[in-house]
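Letter by letter, the chains look like this.
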Amino acid sequence: MANPKTNLGMGAVGLLFFALAVWEFLSGDGWVVWVLLGVLFGGVGAARQLLSKDDAR
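Residues numbered from 1 in each chain as written. Predicted model: local features only at pLDDT ≥ 70, side-chain atom pairs only at ≥ 80, totals over all residues. Heavy atoms only, no water.

Caption draft 1: Highlighting the packing of aromatic side chains. Tallying each qualifying case throughout the model produces three aromatic pairs. An aromatic cluster is defined as three or more aromatic residues linked by ring pairs; in this entry it consists of Phe-17, Trp-34 and Phe-41. (Phe/Tyr/Trp six-rings, centres within 6.5 Å; stacked < 30°, edge-to-face > 60°.)

Caption draft 2: Quick look at the side chain of Glu-24. Following the sequence through the fold, Glu-24 ends up in helix H1 (residues 8-27). In this structure Glu-24 comes out as buried when scored by relative accessible area, which is 18%. In this view, Glu-24 contacts Asp-29, Gly-30, Trp-31 and Trp-34; residues no more than four positions away in its chain are not counted. (Helix = DSSP H or I, 4+ residues; strand = E, 2+ residues; numbered from the N terminus. Buried < 20%, exposed > 50% of the residue type's maximum accessible area, 1.4 Å probe, protein only. Contact = heavy atoms within 4.5 Å.)

Caption draft 3: Region of interest: helix H3 (residues 43-51). Taken as a whole, H3 has its buried residues at Gly-43, Ala-46 and Gln-49. Buried residues of H3, seen end-on, are gathered within an arc of 125° and therefore sit on one face of the element. For H3, the exposed residues set more than 90 degrees away from the buried face come down to Arg-48 and Leu-51. (Arc of directions from axis to C-beta.)

Caption draft 4: Broad picture of a nonpolar patch on the surface. On the surface, a nonpolar cluster with roughly 630 Å² of combined accessible area is contributed by Val-22, Phe-25, Leu-26, Trp-31, Val-32 and Leu-36. Breaking the nonpolar patch down by element, the ones donating at least two residues are H1 and helix H2 (32-40). No other element matches H1, which puts three residues into the nonpolar patch. You can see Val-22 is positioned in helix H1. (Patch = residues over 30% accessible without salt bridge, like charges linked within 9 Å, V, L, I, M, F, W, Y side chains within 5 Å. Areas by Shrake-Rupley, 256 points an atom, 1.4 Å probe, with all protein chains shown as cover. Salt bridge = Lys/Arg side-chain N within 4 Å of Asp/Glu carboxyl O.)

Caption draft 5: Structural view of the confidence of the model for the protein chain. Of all residues in the protein chain, 75% attain a pLDDT of 70 or more, and the chain-wide mean is 79. Summarising per-element confidence for the protein chain, the mean pLDDT is lowest in H3 (79) and highest in H2 (89). (pLDDT = per-residue confidence, 0-100.)

Next comes the structure, spelled out in structure tokens:
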């Protein structure tokens, strides 16, 4: 199985799309597409890795 830290590259793109979604939501524009792109590019998994407190990866 691949090392989870090596998969963070595409996840970083997903996190960027999530950040754009928040920005668009706060500005009142369309944000749903950005959230969908964030999910498709692995932003959920990357956020989960960054926020996890388990260092025994």
